[in-house]
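The primary structure of each chain is shown beneath.
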Amino acid sequence: MSSETLDLICRILAVGNCGGTGYTGCTGCCVLNQPSCDVTGPTGPTGSGSGGGGGTGYTGPTGPSAGGTGATGPTGRTGATGSTGPTGSGGTGPTGALGTGPTGPTGSGGTGPTGSGGTGATGPTGPTGQGATGPSGSQGATGPSGALGTGPTGIGATGPTGVSGDRYNTQSSSATISPTLGGSISLTVGTGLAYIVGNSVVVVNSGSTSNRFEGTVSSYTSGTGAITIGSIINIQGSFGSAAVYNVNLDGVDGPTGATGFTGRTGPTGLTGPTGSGGTGPTGAGTTGVTGPTGAGGTGPTGSGPTGPTGDQGITGPTGSGGGSVGYIYAPAGSGSVAFNFNTAVTSIPASFGTYVVPGSTDSSTFSITLTTTVGSGVPPPRFFLTGFIYSSTNGWVDIQRYFGNHTGTANIAANINTAGTTLTFSNMTKTNLPYTGNDASGYALYLYINIL
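A quick note: this is a predicted structure, and the numbers were derived from the prediction, not measured.

The rules behind the values
Residues numbered from 1 in each chain as written. Predicted model: local features only at pLDDT ≥ 70, side-chain atom pairs only at ≥ 80, totals over all residues. Heavy atoms only, no water. Helix = DSSP H or I, 4+ residues; strand = E, 2+ residues; numbered from the N terminus. Buried < 20%, exposed > 50% of the residue type's maximum accessible area, 1.4 Å probe, protein only. Contact = heavy atoms within 4.5 Å. Areas by Shrake-Rupley, 256 points an atom, 1.4 Å probe, with all protein chains shown as cover. Polar contact = N/O pair within 3.5 Å; in protein donor to acceptor, adjacent residues only side chain to side chain. Pairing = 2+ DSSP bridges. Patch = residues over 30% accessible without salt bridge, like charges linked within 9 Å, V, L, I, M, F, W, Y side chains within 5 Å. Salt bridge = Lys/Arg side-chain N within 4 Å of Asp/Glu carboxyl O. Core = buried A, V, L, I, M, F, W, Y, C linked by side-chain atoms within 4.5 Å. Axes fitted to C-alpha atoms, helices over the stretch in contact; angles between N-to-C directions. pLDDT = per-residue confidence, 0-100.

### Description of the overall build of the protein
- If you tally the helices and strands in the protein, you get one helix and 15 strands.
- A burial count over the protein gives 21% of its 452 residues as buried.
- Of all intrachain contacts in the protein linking residues separated by at least 6 positions in sequence, the fraction that spans at least 24 positions is 65%.
- Of the roughly 30700 Å² that the protein leaves accessible, carbon and sulfur atoms contribute 54%.

### A word on unusual backbone geometry
- One non-glycine residue with positive phi stands out, namely Asn 234, at about 50 degrees.
- Along the chain, Asn 234 turns up in strand β5 (residues 226–236).
- On the accessibility criterion, Asn 234 (42% relative accessible area) is partly exposed.
- Of note, the phi angle at Asn 427 is positive, near 60 degrees, even though the residue is not glycine.
- Along the chain, Asn 427 falls in the loop between β14 (422–426) and β15 (444–451).

### Notes on the side chain of Asn 340
- Examined against the element boundaries, Asn 340 turns out to sit in the loop between β7 (324–331) and β8 (345–347).
- Given the relative accessible area of 11%, Asn 340 is considered buried.
- A distance of 3.1 Å separates a polar atom in the side chain of Asn 340 from a polar atom in the side chain of Thr 343.

### Regarding the sheet that holds strand β6 (residues 245–249)
- One open sheet accounts for six strands, arranged β1-β6-β3-β4-β5-β2; its pairing is antiparallel. On the outer flanks of this sheet lie β1 (170–171) and β2 (185–188), each paired with one strand and no other.
- Across five bridges, the pairing between strand β3 (residues 200–205) and β6 is antiparallel. If you follow Asn 205 over to β6, its bridge partner there is Tyr 245.

### Thoughts on a nonpolar patch on the surface
- Together, Leu 181, Ile 235, Val 325, Tyr 327, Val 345 and Tyr 448 make up an exposed nonpolar region whose accessible area comes to about 470 Å².
- Along the polypeptide, Tyr 327 turns up in strand β7.
- The exposure class assigned to Tyr 327 is partly exposed, which follows from its relative accessible area of 34%.

### Side note on the nonpolar core
- The biggest cluster of nonpolar side chains holds 23 residues, and the ones touching the most others in it are Ile 328, Phe 341, Phe 366, Met 428, Leu 445 and Leu 447.
- No other element matches β15, which puts four residues into this core.
- Those residues in contact with Phe 366 that lie beyond four places of it in its chain are Ile 328, Phe 341, Tyr 355, Pro 358, Leu 423, Thr 424, Phe 425, Met 428 and Leu 447.
- In terms of nonpolar packing, the next biggest core, distinct from the first, is built from 18 residues, Leu 187, Val 189, Ile 227 and Ile 232 among them.

### Here we look at the sheet that holds β14
- Spatially, four strands are ordered β9-β10-β14-β13 in an open sheet, and the strand pairing comes out antiparallel. Where the open sheet ends on each side, the last strands, each with one partner, are β9 (353–356) and β13 (413–416). Ignoring which end each strand starts from, the neighbouring axes of this sheet average 20 degrees apart.
- In this structure, β9 lies alongside strand β10 (residues 366–370), joined through four bridges in antiparallel fashion. Residue pairing for β10: Val 356 is matched across the bridge by Ser 367.

### As for the side chain of Thr 371
- Checked against the element boundaries, Thr 371 lands in the loop between β10 and β11 (383–391).
- At 2.5 Å, the side chain of Thr 371 forms a polar contact with the backbone oxygen of Ala 350.
- From its side chain, Thr 371 meets the backbone nitrogen of Gly 353 in a polar contact 3.3 Å long.
- The residues contacting Thr 371, other than those within four sequence positions of it, are Thr 265, Ala 350, Ser 351, Phe 352 and Gly 353.

### Brief notes about the confidence of the model for the protein
- Predicted confidence across the protein gives a mean pLDDT of 73, with 54% of residues reaching 70 or more.
- Least confident of the elements in the protein is helix α1 (residues 3–13), whose mean pLDDT is 64; most confident is β1, at 96.
- Every residue in residues 47–57 scores below 50 in pLDDT, and together they form 20 contacts with partners more than four places removed in sequence or on other chains.
- Low confidence marks residues 316–321, where pLDDT is under 50. Its contacts with residues over four positions away, or in another chain, come to eight contacts.

### Side note on the environment of Thr 262
- Tracing the chain through its elements places Thr 262 in the loop between β6 and β7.
- Along the sequence, Thr 262 and Thr 371 sit 109 residues apart, while their C-alpha atoms lie 7.5 Å from each other.

### Some points on the environment of Thr 188
- Note that Thr 188 resides in strand β2.
- Distance from Thr 188 to Ser 173, taken between C-alpha atoms, is 6.0 Å for residues 15 residues apart in sequence.
- Ignoring sequence-local partners within four residues, the contact set of Thr 188 consists of Gln 171, Ser 172, Ser 173, Thr 224 and Gly 225.

So this is what it looks like as structure tokens:
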């Protein structure tokens, strides 16, 4: 530390006048091109001068430079620090006047290398303080709901009109008709309807709905509305007066219901009167003569021959017995060779049996549930079956000759089932009951059952 600096510190600290600075040892010379310099000599002891007014000691002269600055050599080893001289016992002298000595030349020594000591390890992080969570504040009141806005109702454009469906419901012009079972009638109804041949229709008096019937469309002219309805069935009410009629498709027939219980057997019919034939006359043979009675006992029997037996009289005619007759009427079916036994009109005597409606409209078979079960000791009922076909073009035709086995057609047969409860008639078709001039509009079968 320079003497000027030390003196300045003494003045600032106001500790009194400092003693003069001791002589500075001479700086070791640096010999050009030498690898190292001499070590610095020890600092001389501080002077013991005291009292004020001591001037600053003179600065020793700078040693001569040995020519230009040589290349910086490696830093020499630091010499050992000399021991500090004892502090003088004199009091601090007054601060000398502050004089500035001339600045010495800058030394040529280079900056020493940075120490290679590494940075010390970071100390551990202290634990984080965890204060308790404060209580939650109370929930504020819910604000009022905003007014509910309603947007305008959208109105889309109206779609195009759909295609018109088939029309059947219509009304006739005023007409006078007299429908008959199995027959046909003609009316004039609306034009452009969807009727085709074979449609089932119902015809109802618009002024009196109790007057009605059902049938099948035989023809319809769309341009004029002329319609012909044939195979008429289920006639109800009265006709013959002019009226307007409603015409529409008939509903589909539902399935056949279960057969009901067989009713109790009716009372036996009255016995017919006895025939009027009288008893035949007695034969003309005479009785032989009785022999005389023997004496003392019974005499021997007379030996005369027995007279001949007379001729038997004529048997009288059989009385009119208590037999009965049933019938089955079946209109033409929808097929070309079928009868409609499903809608047949029947009248079978209860003493004989009950007609069973077939499950199919165009069935070729129908049956009768017998009132008395046929079994051991119970013979089958005796009956005689005949029939006719009616054609609107050929009238009545006897079909008796076609029953049974015949050439060219199937057998029309009547059979009793194994249980002895049902009498079944099979192969009842137009093909098996042929005749010339078959026509669908008036074709109908009438069967008569004469119970013996």
